[in-house]
Amino acid sequence: MIFKNFLNIKKNTSVKKDFLNLLKKQPQLFETLKPTYKYSYSKKKISKYKKFSIIRIIGMGGSILGAEAIYDFLKKKIKKKIVFVNNLNSNAGYFKVKNINLNLIISKSGNTLETIANANTLIKNKDSNIIITENKDSYLTNLASQLKAEIFEHKNYVGGRYSVLSEVGMLPAELMNLNESKFKQFNSLIKNKIFVNNLINNVAATLNLIESGKYTSIILNYDEQSENLFKWYQQLIAESLGKKSKGLLPIISSMPKDNHSLMQLYLDGPKKSFYTFFNTLDNTVIKMNNKNLLSSHRYLRNQSIEKIKQSQMLATEKVFKSKKIPFRSFRVLKRDEQSLGKLFCFFILETILLGRALKVNPFDQPSVELIKKETKKILT
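Residues numbered from 1 in each chain as written. Predicted model: local features only at pLDDT ≥ 70, side-chain atom pairs only at ≥ 80, totals over all residues. Heavy atoms only, no water.

**Some words on the overall build of the protein chain**
Across its full length, the protein chain carries 13 helices and 10 strands. Taking 21 Å as the expected radius of gyration for a compact globule of 380 residues, we find that the protein chain reaches 22 Å, a close match to that expectation. Taken along its principal axes, the extent of the C-alpha atoms in the protein chain is 65 × 60 × 45 Å. Burial analysis of the protein chain (380 residues in total) assigns 51% to the buried set. (Helix = DSSP H or I, 4+ residues; strand = E, 2+ residues; numbered from the N terminus. Rg over C-alpha atoms; globule rule 2.2 N^0.38 Å. Buried < 20%, exposed > 50% of the residue type's maximum accessible area, 1.4 Å probe, protein only.)

**Thoughts on the side chain of S63**
As for its position among the elements, S63 is in the loop between β2 (54-58) and α3 (65-73). Excluding anything up to four places from it in sequence, S63 contacts I106, S107, K108 and V168. (Contact = heavy atoms within 4.5 Å.)

**Considerations on the pairing of strand β9 (residues 273-280)**
A large share of β9 lies buried, amounting to 8 of its 8 residues. Burial along β9 is two-sided: the residues S273, Y275, F277 and N279 and F274, T276, F278 and T280 are all buried. Relative to β9, strand β7 (residues 216-221) is paired through 6 bridges, and the arrangement is parallel. By the bridge assignment, T216 is partnered in β9 with S273. In this sheet, strand β10 (residues 327-332) lies alongside β9 in parallel orientation, the contact comprising 6 bridges. Looking across to β10, one finds that T276 is bridged to R328. (Pairing = 2+ DSSP bridges.)

Here it is, written out as structure tokens:
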């Protein structure tokens, strides 16, 4: 992975201290980032489910976004059909999918309204079912008993948006026949000076940008297969930091498509944002058809679609630099479990360090509970 940090970073010794303290007094959820983490399921117990070729995953937010990110990012390695049920939509395509072999229902609380509604309308008597939820009395624990479903514990110390490297993300990864151990990069990364320096400098730069009034973090995503990775990141940042009138608004921008819609605003509009360029190198080679290429565009001879896209990203970075627009960039050189595990780890650590520096609790989401209570009042 090639990482470019924001330019003109001011030193911030407190971020380094926060990082060292975080390593000394690690939150319990850090266990999920390590290869020694003990899952509530065993390899033997889930082996019978790995034969299924069509799997439906039902969940909301952090219960499903990590699995979606994994599936899309590594889709070329996965030979199964995974159907994600992640919203309330009566016209969604997932209502029309037939021959589902296995339902995987995930909710930490076991009482997530949308998950209950979707499970109720989609699950058939003949289906095989796995439920991941906390070990307590809830709708899903009772449903598991009724369905005679396999049930695995969602550890209560792991918040949904931080759960991607726990049962919540790694059980789906195993059902996709991916190697879950390769995602676990924490132990090696915290010993890697380049990674640590990039992390600390990045957090310091982000704090400086926030102090200068820049609260919008725009991800310029040049890799369509990473769209759900940044939807996962969006929740992680917004839900963890959006408290006490503080926080960041993460927005995903599809590139290079948005060159033709939003780029004018990014370049010449209000200077209230900072940017993350992201791309993953693609080995698929689709070249220009030289025979049909007009002479005015000879410079495109023998060029590939991938090379054109990479060139657009580099050109945009150059223009941003000339206009002094703050940005960082990630270029992933290999699309595999290790690379994705490093990204998960980087963004989790980044979020927790930003929370500490902003003096907000990055692990709760108190205001969201208000909507849940009001919805229940309306329906009863």
